Number of protein chains: 2
Amino acid sequence: MSKGNLRDVIVNRLKSKGLRVTPQRFAVYANLCSRRDHPTVEQILKDLNQDFPISSQATVYTSLQALRKVGLVKEVLLEEGVSRYDANVEPHHHFHCRQCGSIKDVPWDTFDSFNLERLPYLAESYEVTIRGLCDRCTGNN
Amino acid sequence: MSKGNLRDVIVNRLKSKGLRVTPQRFAVYANLCSRRDHPTVEQILKDLNQDFPISSQATVYTSLQALRKVGLVKEVLLEEGVSRYDANVEPHHHFHCRQCGSIKDVPWDTFDSFNLERLPYLAESYEVTIRGLCDRCTGNN
DNA sequence: CTACTATCTCAGAATAATTCTAATCTCAGA
DNA sequence: TCTGAGATTAGAATTATTCTGAGATAGTAG
Ligand SMILES: [Mn+2]
Ligand SMILES: [Mn+2]
Ligand SMILES: [Zn+2]
Ligand SMILES: [Zn+2]
């Protein structure tokens with residue numbers, strides 16, 4: 001009887017990818033799934049351990065690598081020297097606010113009029129990065 | 001009487017941005033201008049010093065920062081933990097080959113049909129990153 | 001041409017992000 | 001329950017980048 005709750009959904013996703021469900025790996029993935037802000041390793045680590053220790057730094061790194069290898073998380077590269085992570089692995093684009101630094105998902109169908117056949121390469125995927133001011137920062141100065 | 005040669009062009013560009021023209025800074029920018037491969041700091045450094053020492057590592061870093069600050073070079077972020085540099089500061093997109101890792105420029109007008117008004121943000125710029133197999137890697141296996 | 005000085009360069013130290021090591025532990029299948 | 005491949009950990013190692021502070025120099029004013 002699957003209760004269909006979030007815990008079970010996450011456990012089943014890990015298992016279906018052949019990953020062992022360990023408390024640390026579960027915590028990392030669950031944390032990432034609960035957020036929309038594309039956190040860094042440091043932010044995930046701090047969040048996990050804020051009440052009591054759950055996972056070491058090295059384990060957060062290796063968990064993210066394992067999750068990335070099986071396609072449950074993606075890396076997002078928008079800023080110099082900053083690796084961010086995203087549990088949203090469906091194709092989508094990103095908006096990066098130059099003022100507050102926030103990163104927002106942009107729906108895939110925002111740019112659906114691409115003609116990739118013009119390129120002299122075999123294009124397998126693409127992503128658009130948009131920069132500017134987010135809704136909370138427009139109007140500020 | 002400008003001779004219009006590459007050396008003068010580069011010197012004038014540096015001066016027009018208010019940068020002092022030092023041998024090291026000249027060498028870094030000239031090297032970047034002569035390449036199409038979006039090199040890393042390490043690759044630039046190795047290239048500059050291959051015959052005899054021209055510039056220290058720290059100076060390559062600071063030169064690139066200075067050049068970036070005045071808009072003569074751009075940073076290109078496509079791979080985890082790798083910062084690449086580009087003297088092509090005109091708006092353009094990038095293709096990244098998953099096989100050989102090469103990075104190619106993609107003309108700006110390849111994607112000229114964007115409707116950025118649909119977004120709830122103030123979009124100031126955008127860039128498309130395409131991944132796949134380059135012309136030299138298609139057909140190989 | 002010479003002197004001046006703000007800026008630049010450099011080696012080496014410091015910092016920061018990530019990976020490695022190797023000892024110990026544990027999930028999950030039999 | 002038993003067992004072993006895979007996971008976890010603290011701390012060391014590695015790698016990328018920045019800092020430091022002392023000496024060098026590009027460009028300018030005289
Ligand atoms: Mn996202
Ligand atoms: Mn380019
Ligand atoms: Zn903002
Ligand atoms: Zn290729």
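Cut-offs used in this document
- Residues numbered from 1 in each chain as written.
- Chains lettered and ligands numbered in written order.
- Predicted model: local features only at pLDDT ≥ 70, side-chain atom pairs only at ≥ 80, totals over all residues.
- Heavy atoms only, no water.
- Donors = N, O, S within 2.8 Å, 3.2 Å for Na, K, Ca; no water.
- Tetrahedral: all angles 85-135°; square planar, octahedral: opposite > 155°, others 65-115°.
- Helix = DSSP H or I, 4+ residues; strand = E, 2+ residues; numbered from the N terminus.
- Buried < 20%, exposed > 50% of the residue type's maximum accessible area, 1.4 Å probe, protein only.
- Least-squares fit on C-alpha atoms with pLDDT ≥ 70 in both.
- Contact = heavy atoms within 4.5 Å.
- Domains from an automatic or database assignment.
- Buried area = accessible area lost by both parts, 1.4 Å probe.
- Salt bridge = Lys/Arg side-chain N within 4 Å of Asp/Glu carboxyl O.
- Polar contact = N/O pair within 3.5 Å; in protein donor to acceptor, adjacent residues only side chain to side chain.
- Nonpolar A, V, L, I, M, F, W, Y, C, P; charged D, E, K, R; others polar.

## A short note on the coordination of the zinc ion (ligand 3)
Residues and elements named next belong to chain A.
- Around the zinc ion (ligand 3), the donor atoms from the protein are Cys-97 (SG), Cys-100 (SG), Cys-134 (SG) and Cys-137 (SG), and they sit 2.3 to 2.4 Å away.
- Around the zinc ion (ligand 3) sit four donor atoms; with metal-centred angles ranging over 108 to 114°, the donor geometry is tetrahedral.
- Mapped onto the sequence, the donors of the zinc ion (ligand 3) take the spacing C-x2-C-x33-C-x2-C. You can see Cys-100 sitting in the loop between β3 (93-97) and β4 (103-106) and its partner Cys-137 sitting in the segment after β5 (122-133), a full 37 residues away along the chain.
- Given a relative accessible area of 45%, Cys-100 falls into the partly exposed group.

## With respect to the coordination of the manganese ion (ligand 1)
Residue and element names in this part refer to chain A.
- The protein atoms that coordinate the manganese ion (ligand 1) are His-38 (NE2), Asp-86 (OD), His-92 (NE2), His-94 (NE2) and Asp-105 (OD), at distances spanning 2.0 to 2.3 Å.
- Mapping the donors of the manganese ion (ligand 1) onto the primary sequence yields the spacing H-x47-D-x5-H-x1-H-x10-D. Of this pair, His-38 sits in the loop between α2 (23-33) and α3 (41-48) while His-94 sits in strand β3; the two residues are 56 residues apart in sequence, bridging distant segments of the chain.
- The class for His-94 is buried, based on a relative accessible area of 1%.

## Some thoughts on the relation of the copies chain B and chain A
- In screw terms, the move from chain B to chain A is a rotation of 180° and a rise of 0.0 Å along the axis, fitting with an RMSD of 0.1 Å. Here the copies are linked by what is in effect a two-fold axis. Minimal C-alpha distance to the rotation axis in chain B is attained by Val-128 of chain B, lying at 2.2 Å.
- The share of interface residues of chain B whose copies in chain A are also at the interface is 100%, consistent with both copies meeting through the same surface.

## Focus: the domain arrangement of chain A
All names here are of chain A.
- Under the domain assignment, chain A is made up of domain 1 (3-86) and domain 2 (93-132).
- Computed from C-alpha atoms alone, the centre-to-centre distance between domain 1 and domain 2 is 24 Å.
- The interface is formed by seven residues belonging to domain 1 together with six residues belonging to domain 2.
- Interface of domain 1 and domain 2: buried area, both sides summed, is about 640 Å²; carbon and sulfur atoms make up 58% of it.
- Counting every contact that joins domain 1 to domain 2 gives zero salt bridges.
- Where domain 1 meets domain 2, there are five residue pairs in polar contact (both at pLDDT 80 or more).
- Counting residues per element, the ones that place at least two in the side of domain 1 that touches domain 2 are β1 (74-79) and β2 (82-86).
- Broken down by element, the side of domain 1 that touches domain 2 gets its largest block of residues, three residues, from β1.
- A per-class count over the side of domain 1 that touches domain 2 returns two nonpolar, one polar and four charged.

## Notes on the pattern of salt bridges
Residues and elements named next belong to chain A.
- If you walk through the whole model with that rule in mind, you get twelve salt bridges over all chains.
- The residue Arg-68 makes a salt bridge to Glu-75 at a minimum N-O spacing of 3.8 Å.
- Salt bridges sharing partners connect three or more residues here, namely Arg-35, Asp-37 and Asp-47.

## Re the interface of chain B and chain A
- Chain B puts 38 residues into the contact, and the matching count from chain A is 38 residues.
- Summing the contributions of chain B and of chain A, the shared interface buries around 2,900 Å²; its carbon and sulfur component is 55%.
- It is Leu-77, Glu-80 and Tyr-121 of chain B that lose the most area in chain B upon contact with chain A, and together they represent 20% of the buried surface on that side.
- For the pair chain B and chain A, the number of links is four salt bridges.
- Between Glu-124 of chain A and Arg-98 of chain B there is a salt bridge whose closest N-O contact spans 2.7 Å.
- Across the chain B-chain A interface, the total number found is 14 residue pairs in polar contact (both at pLDDT 80 or more).
- Those elements that provide at least two residues to the side of chain B that touches chain A are β1 (74-79), β2 (82-86), β4 (103-106) and β5 (122-133) of chain B.
- Per element, the largest residue contribution to the side of chain B that touches chain A is twelve residues, and it comes from β5 of chain B.
- Of the residues contributing to the side of chain B that touches chain A, the split by class is 18 nonpolar, seven polar and 13 charged.

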